[in-house]
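Working through the structure, step by step
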Protein chains: 2
Amino acid sequence: MDFENTSHTELSKLGEFGLIKHLTQHIELNHPSTIKGVGDDAAVIDNGNLQTVISTDMLVEGVHFDLTYVPLKHLGFKSVIVNLSDIYAMNAEPKQILVSFAISSRFTLEAVEELYSGMLLACKKYNVDLVGGDTTTSQSGLVISITAIGAAPKETLVYRDGAKESNLLCVSGDLGGAYMGLQILEREKTVFKENPKLQPDLEGKDYILERQLKPEARKDIVELLKHLNIQPTSMIDVSDGLSSEILHLCSQSNVGIELYEEKIPIDPLTYNTAREFNLDPTLCALSGGEDYELLFTIDIGDYDKIKHLPDFTIIGHITNIEKGRNMVAKDGTVHPLKAQGWNALLKK
Amino acid sequence: MDFENTSHTELSKLGEFGLIKHLTQHIELNHPSTIKGVGDDAAVIDNGNLQTVISTDMLVEGVHFDLTYVPLKHLGFKSVIVNLSDIYAMNAEPKQILVSFAISSRFTLEAVEELYSGMLLACKKYNVDLVGGDTTTSQSGLVISITAIGAAPKETLVYRDGAKESNLLCVSGDLGGAYMGLQILEREKTVFKENPKLQPDLEGKDYILERQLKPEARKDIVELLKHLNIQPTSMIDVSDGLSSEILHLCSQSNVGIELYEEKIPIDPLTYNTAREFNLDPTLCALSGGEDYELLFTIDIGDYDKIKHLPDFTIIGHITNIEKGRNMVAKDGTVHPLKAQGWNALLKK
């Protein structure tokens, strides 16, 4: 259980994934009921026919959200969604959540009610029971920690490690919107700071603002896959950016990938707003994060079932590991995928 | 889902239990698998033969711990114990935990390793698998949120609401020690601030310091009860102080209580240290908290099985609700029990 002595190492050197990998290296699993520990969207516990799927996420003020422009009710809603998304990414149905938060005395009861009512709204919309939690005080900012519990039959659960050569890589919805919504909000915050009399200019940006402030979890996609009788071979939700998630799937499945830039689904508003900010729209989709879409691989035999469905886009195919993990750009050049991600630990 | 409009209410007016009660009033449970939601030591989810028991706790720097005198390894250990204790309080066996924490950049990797190694030590000692979590950055202090998952057969689970008239009220171990340990640490911190050259005077206080810094969860008690073939009628762990926990049991079981002051188990070191601080030792046991002992009620027919066991003390008996909830003092006078508790929300 001893860690190697590494004297005084700054956390930013490791990054979030590096830190998790380092810390979890000594974990041993002893219970036969523990089917899956760290390393997927959720842990899996055996309960006979149905397996229990559990995931937890922590949201910290100033790191994951800025109360200058995030309404508390939206924050409550989103904090639940983020967790439900992890359960759906296991192809499971979320059923219960536990909610903990630490609040400073600058919050009134009414503020906490707003936050909580957003959480309850998400519970109602996704038919999830809020069954417990903890409420405490903090000396500074707001911290929210949510644990989501779901269930699925053993045989339909989808892990990150099942992608096979020649599988198709699919993604639901479109990408990069949440990130561009954040850029708009950050810009208007800067403008407001410089001149508090100016009204924020959010006109016509509804879609990407909603992607950032009030995302949804893709329950519908999980249901649709079931309806189509498609069992994905691997799946993950897009929380840190497409590139980072693809690399998770490839690394755990021990395969390569060929991703086609021209296939990456980007909404016109996302595209135009990225251009407005002098950003590469593809890079926003690859590294933006917080889209909460589902990224999954399917057997090529399932192609006919989905080729005409607007909810999915086939963006690449799984290759042998030796072929590497690459994106074929619109001009035909090939670039290795990098996990730039939305690395919370590097943001200060 | 709307809360009554109450304009600007300070949270300190409600207190922690008031806030929880207020917020959870609109919760509806819809899943047949949700057996128990908020209001007990843990939530309970039906999985056929075995039921899943889940509990979560959040620990916040400056509120629940002070890194001036709490070693990080002890903190990691204790943060796990606090959660396992809730699972034992359901008469269940903890099997998995999820660990989330938010850390500021002032922590080095080595500091996080210390914290984590304490968590893994607790996992090893209590045979619990660490199966997931989340790691993020914070802008100020350290926040730890742990979710513990356990299992128990439906028929042996113990809730807070099963205490019946004439049941005996029992507690494991002794009480008030963790609180007196905290007083010692706080005193030495003050001394150190005034004169950093002085060495802390902790001599002879080992037991109560350990109660505060490195508490254990009473796995042994749960096993002993099973061995003795005793099924408690209600149970709770002592985290907020004896008085507060007794009132939880009484309120949820809809019964009264007669508690005998002279029966409350207090270690001589706790007693003498309380006197040293001009504190009433009984009050320290009633309101001190953080003892993580198990408080439970048993049928009077089980009395013979436990009367000679040093691990338990019978401290009172359950009465009809009309008789109230009282403590009979050493001088024979009767005092209504008050939940002073260790109200984190009133501590600023």
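Within each chain, residue numbers correspond to sequence positions counted from 1 in written order. To read the labels, note that chains go from A and ligands from 1, taken in the order they are written. The model is predicted, so local features are restricted to residues of pLDDT at least 70 and side-chain atom pairs to those at 80 or more, both for listing and for counting; the totals for chains, interfaces and linings are taken over all residues.

Here we take up the overall build of chain A. Helical segments are the DSSP runs of H or I of at least four residues, strand segments are the runs of E of at least two, and each set is numbered from the N terminus. A count of helical and extended segments in chain A gives 10 helices and 13 strands. Based on C-alpha atoms, the radius of gyration is set beside the globule rule, defined as 2.2 Å times the residue count to the power 0.38. Radius of gyration (C-alpha) of chain A: 20 Å, near the 20 Å computed for a compact globule of 348 residues. Principal axes of the C-alpha set define a box for chain A whose edges measure 55 × 50 × 50 Å. Counting over 348 residues, chain A shows a buried share of 51%. Exposure criterion: with C-beta atoms placed from backbone coordinates, a residue whose C-beta has 20 or more other C-beta atoms within 10 Å is buried, one with 12 or fewer is exposed, and one in between is partly exposed.

This part is about the relation of the copies chain B and chain A. For the least-squares superposition of copies, only C-alpha atoms count, and only for residues with pLDDT at least 70 in both. You can overlay chain B on chain A at an RMSD of 0.0 Å; the transform is a turn of 180° with a shift of 0.0 Å along its axis. Read as a symmetry element, the transformation amounts to a two-fold axis. For chain B, the smallest separation between a C-alpha atom and the rotation axis is recorded for B:Asn47, amounting to 3.1 Å. Most of the interface of chain B is mirrored in chain A, where 100% of its interface residues are also at the interface. Contact between two residues is assigned whenever their backbone-derived C-beta positions fall within 7 Å.

What follows is about the interface of chain B and chain A. With 76 residues of chain B at the interface, the matching set in chain A holds 76 residues. Elements that contribute at least two residues to the side of chain B that touches chain A include exactly helix H1 (11-23), strand E2 (43-47), strand E3 (50-60), strand E4 (93-103), helix H3 (109-125), strand E5 (129-137) and strand E6 (143-153) of chain B. A total of 9 residues in the side of chain B that touches chain A trace back to one element, the largest contributor, which is E5(B). When grouped by side-chain class, the residues that make up the side of chain B that touches chain A number 32 nonpolar, 34 polar and 10 charged. The nonpolar class holds Ala, Val, Leu, Ile, Met, Phe, Trp, Tyr, Cys and Pro. Asp, Glu, Lys and Arg form the charged class, and all remaining residues, Gly among them, are polar.

All right, on to the pairing of strand E4 (residues 93-103) of chain A then. Residues and elements named next belong to chain A. Burial analysis of E4 places 11 of its 11 residues in the buried class, which makes it a mostly covered element. Should DSSP find at least two bridges between two strands, the strands are regarded as paired. Pairing analysis gives 9 bridges linking E4 to strand E6 (residues 143-153), with the strands arranged antiparallel. Its bridge partner lying in E6, valine 99 is registered against isoleucine 146. Here E4 runs beside strand E5 (residues 129-137); their pairing, made up of 8 bridges, is parallel. When the sheet's bridge partners are listed, isoleucine 97 is paired in E5 with leucine 130.

This part is about the pairing of E5(A). The buried fraction of E5(A) amounts to 9 of the 9 residues, a majority that puts the element mostly inside the structure. A crossover links E4(A) with its parallel partner E5(A), the connecting element being helix H3 (residues 109-125) of chain A, and its sense is right-handed. Here a crossover is taken to be right-handed if, once the strands point away from the viewer, the path from the first strand over the helix to the second is traced clockwise.

Before going further, it helps to spend a moment on the domain arrangement of chain A. Accessible area lost upon the coming together of the parts is a frequently used measure of interface size. Residue and element names in this part refer to chain A. The domain boundaries here were taken from an automatic or database domain assignment. In terms of domain boundaries, chain A breaks down into domain 1 (31-156) and domain 2 (168-346). The gap between the C-alpha centroids of domain 1 and domain 2 is 22 Å. Each side of the interface is counted separately: domain 1 has 18 residues, and domain 2 has 19 residues. When grouped by side-chain class, the residues that make up the side of domain 1 that touches domain 2 number 9 nonpolar, 6 polar and 3 charged.

One nonpolar core equals one set of buried Ala, Val, Leu, Ile, Met, Phe, Trp, Tyr and Cys residues connected by C-beta atoms within 7 Å. Core analysis: the biggest nonpolar cluster contains 196 residues, and A:Ile97, A:Met119, B:Ile97 and B:Met119 have the highest contact counts within it. The contacts of B:Met119, once residues within four sequence positions are left out, are B:Gly76, B:Phe77, B:Ser79, B:Val80, B:Val99 and B:Leu130.

Looking now at the packing of helix H4 (residues 177-194) of chain A against helix H5 (residues 206-213) of chain A. All names here are of chain A. Under this scheme, a helix contributes an axis fitted over its contacting stretch, all axes are lines through C-alpha atoms, and angles between N-to-C directions fall in the 0 to 180 degree range. The contact between H4 and H5 brings their axes to 7 Å, and the two run at 100°. The orientation of H4 with respect to H5, classified from their angle, is roughly perpendicular. Contacts between H4 and H5 involve Gly177, Ala178, Met180, Gly181, Leu182, Ile184 and Leu185 from the former and Tyr207, Ile208, Leu209, Arg211, Gln212 and Leu213 from the latter. Taken together, the residues that form the contact of H4 with H5 break down as 9 nonpolar, 3 polar and 1 charged. Here is the rule for angles: anything less than 35 degrees is roughly parallel, anything more than 145 is roughly antiparallel, 65 through 115 is roughly perpendicular, and the remaining ranges are oblique.

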